[in-house]
Amino acid sequence: MSPDVSPDVLIVGGGIGGLSTAYALTRKGLRVRVLEQAPEFGEVGAGIQLAPNCTRILDHYGLLDEAKSLGVLPASMVMRDAVDGAELTRLDLVDLERTYGFPYLVIHRSDLHGLLLRACRRAGVDLRTSQRVVRYADTGTGTGARVELADGRVEEAPVVIAADGLHSVARHQLIGDQPVSSAYVAYRAAVPIEQVDAARAVDLSEVAVYVGPGCHFVHYGLRGGEILNQVAVFESPSALDGADEWGGPEELDAAFAATCDAVRAGVPLMWRDRWWPMYDRDPIDRWVHGRIVLLGDAAHPPLQYLAQGAIMAIEDGWVLAEHVARRTGPDGAVDWAGALAAYEAVRPEHCRRVVLTARAWGRLWHLDGLAREQRNHLLRARATHDHTYTDWVYGPTALTPEDEPAMFPVVPLDSVDLAPAGTS
Ligand SMILES: Cc1cc2nc3c(=O)[nH]c(=O)nc-3n(C[C@H](O)[C@H](O)[C@H](O)COP(=O)(O)OP(=O)(O)OC[C@H]3O[C@@H](n4cnc5c(N)ncnc54)[C@H](O)[C@@H]3O)c2cc1C
């Protein structure tokens, strides 16, 4: 798109949500401009997991083969108890691909972001950096919205999409709620495999998740096994004490002191110069305000326990673009009111389920005492090929509320009676 042409859509934020949505809408014939505050497009962090509900969309975009060439297709996901290292349950990811038709892929964030950036460039998205948006306004006439930039300039388009992340300016302005602190903090590392002690015998064919009291640890291979990606998450004592700054590296080692050898061997490799205090937000069901639209973490930031945050952002863009295409006339005019209503009819409910389930899943991971044993019992009882707990999220992304799959049945922990036979 030529910089002189006025856009059909302005997207604020060039993260995974903003770029994937820009690509989705451009494929449908719209002129899209992305305004990113950073001086360069990029992603900070390490690996990211992409479940079949995301790889299905990447395939639809013609980007899956490139993603596969940059990422790793693990054979299984294994959950273990972080205290004794014992296996609790396992997802066979080869079988998962057979069931859902698309693979479970792990990839470096910068590789996924770079892939989307290249796709946007090829498609002609107008990509602009050093553009910090400070204010949003609906024109009030049902014809468009505008944004004000930090340098005082104003940009306007028929639709403005706020994909500006957890600390979204649009969310602050339109909803006014605050991120919710979990008191947990994430440390990350992406380590060349040569630096990993061979004695650890890390199996790069699996995504390993160790769950423990107040902490968990994840690792998997990236870039064809050249890199080991690690995530270490724990409940910060200083956060619980109400400190403003919390989760610093002085808390990291103590948090994992009582875990098994496999976990403790990974902790010294974590990056200690940067950490991610973990916040989400309470779900909201209004994402469309006139012609201003919330998308991605701006609309539904989750805790990362289901590894669905970036995926939901990618799904948002795909759903919106499909509804735009269904409501584009032969002259190219889009029925925006209809398309935005269809988007808002289906996405907030799905994302509400993910955000709330992620909180519950996190609580389950971090249990101690009897509850930990009850959880372990339930997880061990799950059959490897049982997909009851993934159907609601890994199946095809719903375009309408009627397509949204049913939730899984909840099994209460206290339904597990661990008393020795004859004593209960
Ligand atoms: C430890 C951890 C592990 C995770 N693992 C996974 C996983 O395995 N799978 C998964 O799907 N998700 C995962 N997530 C979640 C995922 O990272 C996020 O949900 C996703 O990156 C959100 O993308 P986004 O584009 O909506 O927001 P962001 O990535 O936050 O992008 C927002 C963009 O907007 C820009 N911006 C912000 N404000 C302005 C402004 N005022 N003007 C202009 N530009 C602005 C920012 O610079 C940024 O580029 C994980 C998260 C964490 C913390």
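One can find the structure itself at the top, above this paragraph.
Given the structure is predicted, the values throughout are model-derived calculations rather than measurements.

Engineer: Help me out: how do you make sense of the overall build of the chain in this one?
Structural biologist: Helix and strand counts for the chain come out as 13 helices and 18 strands. The C-alpha atoms of the chain give a radius of gyration of 22 Å, which matches the 22 Å a tight globule of 424 residues would have. Once the C-alpha set of the chain is aligned to its principal axes, its extents read approximately 75 × 45 × 45 Å. Within the span of the chain, comprising 424 residues, buried residues form 46% of the whole. Counting contacts in the chain only where the partners sit at least 6 residues apart, residues at least 24 apart contribute 73% of the total.

Engineer: So what exactly am I meant to see when it comes to the sheet that holds strand 9 (residues 145-149) here?
Structural biologist: Where strands meet in a sheet, backbone hydrogen bonds hold them as pairs that are either parallel or antiparallel. Read from one edge to the other, the open sheet built from three strands follows the order 8-9-10, with strand pairing classed as antiparallel. Across the chains shown, the open sheet's two edge strands, defined by having one partner strand only, are strand 8 (133-138) and strand 10 (154-157). Neighbour-to-neighbour, the strand axes of the sheet open up by a mean angle of 20°, direction not taken into account. One ladder, built from four bridges, connects strand 9 with strand 10; its direction is antiparallel. In the sheet register, Glu-148 faces strand 10, and the bridge partner there is Val-154.

Engineer: Would you explain the site of the ligand in this entry?
Structural biologist: Surrounding the ligand, one finds 33 residues, the nearest of these being Gly-13, Gly-15, Gly-165, Gly-296 and Gly-309. Considering each element in turn, the shell around the ligand owes the most residues, four residues, to helix 10 (residues 309-326). Across the shell around the ligand, the residue classes break down as 16 nonpolar, 13 polar and four charged.

Engineer: Would you mind showing me how to read the nonpolar core here?
Structural biologist: Generally speaking, soluble globular proteins have nonpolar side chains that are buried together. Ranked by internal contacts, the top residues of the largest apolar core, which has 123 residues, are Val-12, Val-160, Ile-161, Ala-162 and Val-293. With residues near it in sequence (within four places) discarded, Val-160 still touches Leu-10, Val-12, Tyr-136, Ala-145, Val-147, Arg-291 and Ile-292.

Engineer: Whenever I open this one, the environment of Trp-276 confuses me. Can you help?
Structural biologist: Assignment of secondary structure puts Trp-276 in strand 16 (residues 276-280). Classification of Trp-276 as partly exposed rests on a count of 16 C-beta atoms within 10 Å. Measuring from C-alpha to C-alpha, the distance between Trp-276 and Gly-140 comes to 38 Å, with 136 residues separating the pair along the chain. Apart from the residues within four sequence positions on either side, Trp-276 is in contact with Val-185 and Ala-186.

Rules used throughout
Residues numbered from 1 in each chain as written. Predicted model: local features only at pLDDT ≥ 70, side-chain atom pairs only at ≥ 80, totals over all residues. Helix = DSSP H or I, 4+ residues; strand = E, 2+ residues; numbered from the N terminus. Rg over C-alpha atoms; globule rule 2.2 N^0.38 Å. Buried ≥ 20, exposed ≤ 12 C-beta atoms within 10 Å, placed from the backbone. Contact = placed C-beta atoms within 7 Å. Pairing = 2+ DSSP bridges. Axes fitted to C-alpha atoms, helices over the stretch in contact; angles between N-to-C directions. Near = placed C-beta within 6 Å. Nonpolar A, V, L, I, M, F, W, Y, C, P; charged D, E, K, R; others polar. Core = buried A, V, L, I, M, F, W, Y, C linked by C-beta atoms within 7 Å.

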